[in-house]
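Structure at a glance
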Amino acid sequence: TEFIATQVGYTSNTMSTNFSHLKAFLRYLYLNKHNKTDLTACLPRIKHVVRKQVPSIWTKEEAERLLAAVDKGNPCGKRDYAMLLLIVRLGLRISDVRSLQLSNLKWDLGSVEFNQIKTGHALSLPLLEDVGWAIIDYLKHGRPISDSQNVFIKHIAPFTAFSSNNNLHYLINKYLIRAKIEVPAEKSHGMHSLRHTLASELLQQHVSLPIIAEILGHRDINTTANYLRVDVSLLKQCALNVEVQHEE
């Protein structure tokens with residue numbers, strides 16, 4: 001009971017996760033006869049609202065300022081610029097950018113094809129001209145000589161691939177500071193937020209949700225529909241006329 005009281009104030013997602021772990025532990029104690037009573041029934045039920053928070057997005061101008069802040073005159077800058085372009089222009093997840101293989105670049109077809117890390121599903125996207133040239137510039141003039149088959153690698157010997165748990169949050173922070181973009185404390189500003197920005201821009205261009213879902217690699221279109229909440233102009237179209245009756 002005292003532990004449960006310490007959870008007050010956390011988000012429903014955090015409390016739901018913590019209680020799930022506690023429930024598994026209490027069930028283990030009961031099944032292995034360490035407790036005579038199954039205490040899992042004593043845990044409160046947490047109503048968890050999926051995607052309660054509105055996605056964080058950047059304006060098109062902010063995204064361009066972020067890209068312009070990258071120094072493309074040095075090897076690391078060439079790498080960072082190409083990585084950011086893949087997210088800003090094509091909406092790739094950072095996990096897919098991080099693990100992108102040289103064999104995934106289909107230059108003859110003008111596309112990038114890979115299996116998504118998160119879903120395992122195959123995804124094929126057009127290799128836009130600016131994205132393609134940025135990758136070529138990095139491969140020819142920035143990428144260290146390495147046996148790694150990853151397109152993007154660390155620039156510190158022995159020049160290996162990024163670890164699977166590296167979300168490169170420091171990278172976007174560096175360029176936000178250079179671009180002098182102020183970030184409110186409550187706003188999420190990781191690499192994933194750049195994907196949100198692309199989704200918002202496509203919605204403003206009246207691209208249908210199924211197509212956006214396909215571009216972003218979403219399995220469930222309801223995941224893509226979550227981005228509708230950040231487009232005020234589209235939300236206004238959903239508004240209902242309310243008739244107000246004044247009493248005399």
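The rules behind the values
Residues numbered from 1 in each chain as written. Predicted model: local features only at pLDDT ≥ 70, side-chain atom pairs only at ≥ 80, totals over all residues. Heavy atoms only, no water. Axes fitted to C-alpha atoms, helices over the stretch in contact; angles between N-to-C directions. Helix = DSSP H or I, 4+ residues; strand = E, 2+ residues; numbered from the N terminus. Parallel < 35°, antiparallel > 145°, perpendicular 65-115°, else oblique. Left-handed = near helix turned anticlockwise from the far one by under 90°. Contact = heavy atoms within 4.5 Å. Nonpolar A, V, L, I, M, F, W, Y, C, P; charged D, E, K, R; others polar.

1. So, the packing of helix 3 (residues 60-68) against helix 4 (residues 75-90)
The geometry of helix 3 relative to helix 4 is characterised by a closest axis approach of 10 Å and an angle of 165° between their N-to-C directions. Considered as vectors, helix 3 and helix 4 are oriented roughly antiparallel to each other. Our pair here, helix 3 against helix 4, has a crossing hand that is left-handed. Where helix 3 approaches helix 4, its residues Ala63, Glu64 and Leu67 are matched on the opposing element by Tyr81, Leu84, Leu85, Val88 and Arg89. Residue composition of the contact of helix 3 with helix 4, by class: six nonpolar, no polar and two charged.

2. So, the packing of helix 8 (residues 192-204) against helix 9 (residues 209-216)
Interhelical geometry of helix 8 versus helix 9 gives an angle of 155° and a closest axis separation of 10 Å. It follows from the interaxial angle that helix 8 and helix 9 lie roughly antiparallel. For the crossing formed where helix 8 meets helix 9, the hand is right-handed. Listed contacts from helix 9 to Arg195, Leu198, Ala199, Leu202 and Leu203 of helix 8 are Leu209, Ile212, Ile215 and Leu216. Of the residues in the contact of helix 8 with helix 9, the class split is eight nonpolar, no polar and one charged.

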